Amino acid sequence: MGARVRISLTGEGRRFEQMLRELADREVRIGFQHGEATEEDGTDICDIAMWNELGTEHIPARPFLRKSVDENTAEINGFLQSKKEDILRGVPAEQILKEIGIFQKDLIQQKITEGSFTPNAAATVRRKGSSHPLIDTGRMRQSVNYVIRQKGEGD
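Remember, it's a predicted structure, so these values are computed and weren't measured experimentally. (Residues numbered from 1 in each chain as written. Predicted model: local features only at pLDDT ≥ 70, side-chain atom pairs only at ≥ 80, totals over all residues. Heavy atoms only, no water.)

### Some remarks on a nonpolar patch on the surface
For step 1, the next point in the chain: Taken together, Met 50, Trp 51 and Leu 54 make up a surface patch of nonpolar side chains, about 300 Å² in accessible area.
For step 2, the next point in the chain: Along the chain, Trp 51 turns up in helix H2 (residues 45-54). (Patch = residues over 30% accessible without salt bridge, like charges linked within 9 Å, V, L, I, M, F, W, Y side chains within 5 Å. Areas by Shrake-Rupley, 256 points an atom, 1.4 Å probe, with all protein chains shown as cover. Salt bridge = Lys/Arg side-chain N within 4 Å of Asp/Glu carboxyl O. Helix = DSSP H or I, 4+ residues; strand = E, 2+ residues; numbered from the N terminus.)

### Observations concerning the packing of aromatic side chains
For step 1, the next point in the chain: This model, assessed by the stated rule, comprises two aromatic pairs.
For step 2, the next point in the chain: Between Phe 79 and Phe 103 the ring centres are 4.0 Å apart and the planes differ by 5°, which places this aromatic pair in the stacked class. Taken together, the positions of Phe 79 in helix H4 (residues 73-89) and Phe 103 in helix H5 (residues 93-114) put the pair 24 residues apart, joining distant regions of the chain. (Phe/Tyr/Trp six-rings, centres within 6.5 Å; stacked < 30°, edge-to-face > 60°.)

### What about H5?
Since the α-helix turns once every 3.6 residues, residues separated by three or four places project in the same direction.
For step 1, the next point in the chain: Over its 22 residues, H5 runs 32 Å from end to end, which matches the ideal 32 Å to within 8%, given 1.5 Å per residue.
For step 2, the next point in the chain: For H5, the full list of buried residues reads Ala 93, Ile 96, Leu 97, Gly 101, Phe 103, Gln 104, Leu 107, Ile 108, Gln 109, Lys 111 and Ile 112. (Expected span 1.5 Å × (residues − 1). Buried < 20%, exposed > 50% of the residue type's maximum accessible area, 1.4 Å probe, protein only.)

### What about the environment of Thr 10?
For step 1, the next point in the chain: Mapped onto the fold, Thr 10 is located in the segment before helix H1 (11-25).
For step 2, the next point in the chain: Expressed as a C-alpha distance, the spacing of Thr 10 and Thr 118, which sit 108 residues apart in the sequence, is 57 Å.

### Things to note about the confidence of the model for the chain
For step 1, the next point in the chain: Per-chain confidence: the chain averages 88 in pLDDT, with 97% of residues scoring 70 or above.
For step 2, the next point in the chain: Across the chain, helix H3 (residues 64-70) holds the top mean pLDDT of 95, while H1 sits lowest at 78. (pLDDT = per-residue confidence, 0-100.)

### Section: the pattern of salt bridges
Opposite charge on two side chains makes pairing possible when the charged atoms of those side chains draw close.
For step 1, the next point in the chain: This model, assessed by the stated rule, comprises eight salt bridges.
For step 2, the next point in the chain: Among the ionic pairs, Glu 71 bridges to Lys 111, the shortest N-O distance being 2.5 Å. With a gap of 40 residues between them, Glu 71 in the loop between H3 and H4 and Lys 111 in helix H5 connect regions that are remote in the sequence.
For step 3, the next point in the chain: In this structure Glu 71 comes out as partly exposed when scored by relative accessible area, which is 46%.
For step 4, the next point in the chain: When its relative accessible area of 15% is taken as the criterion, Lys 111 is described as buried.
For step 5, the next point in the chain: Residues joined by salt bridges that share partners form a network here, namely Lys 83, Asp 86, Arg 89 and Glu 99.

### Points about the nonpolar core
For step 1, the next point in the chain: Of all hydrophobic cores here, the largest spans twelve residues; its members are Phe 32, Ala 37, Ile 45, Ile 48, Ala 49, Phe 64, Ile 108, Ile 112, Phe 117, Leu 134, Met 140 and Val 144.
For step 2, the next point in the chain: The leading source of residues in this core is H2, at three residues.
For step 3, the next point in the chain: In this structure Phe 64 touches Phe 32, Ala 49, Asn 52, Glu 53, Ile 108, Lys 111, Ile 112, Phe 117, Leu 134 and Met 140, once residues within four positions along its chain are discounted.
For step 4, the next point in the chain: Residues Met 19, Leu 23, Leu 97 and Ile 148 belong to the second largest nonpolar core, which totals ten residues. (Core = buried A, V, L, I, M, F, W, Y, C linked by side-chain atoms within 4.5 Å. Contact = heavy atoms within 4.5 Å.)

See below:
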């Protein structure tokens, strides 16, 4: 029978293992959280974002969420690689998750502002005084946010 090997972690090893457990149990949700923001008439911004992202009978799809990922894959991968390096350097899990949330939030807001989408209808341009799709009051763009939660919480 072989000898038993006992492995004991250093304090640094235990901290690293704890951080990996924290990262495995948490997630960042980026976009719009239902009930967090409304227009003056009470319409939930989350619904407005969905109608614009997917389109409706009267609004063409303007997929700013999907495009913020699809058109930035290399940038996202590079950013996530840098977060992997931060993990190895001991940056706290909560800080890493916050940075991921802020990074993707910025990409979504940039896509809302600069994205190339189906132009507004003439009647919409007259009503809001602008031809820029997705920007009316600016409330939707300002409402992009992130939350850090336990995995599966709020599903």
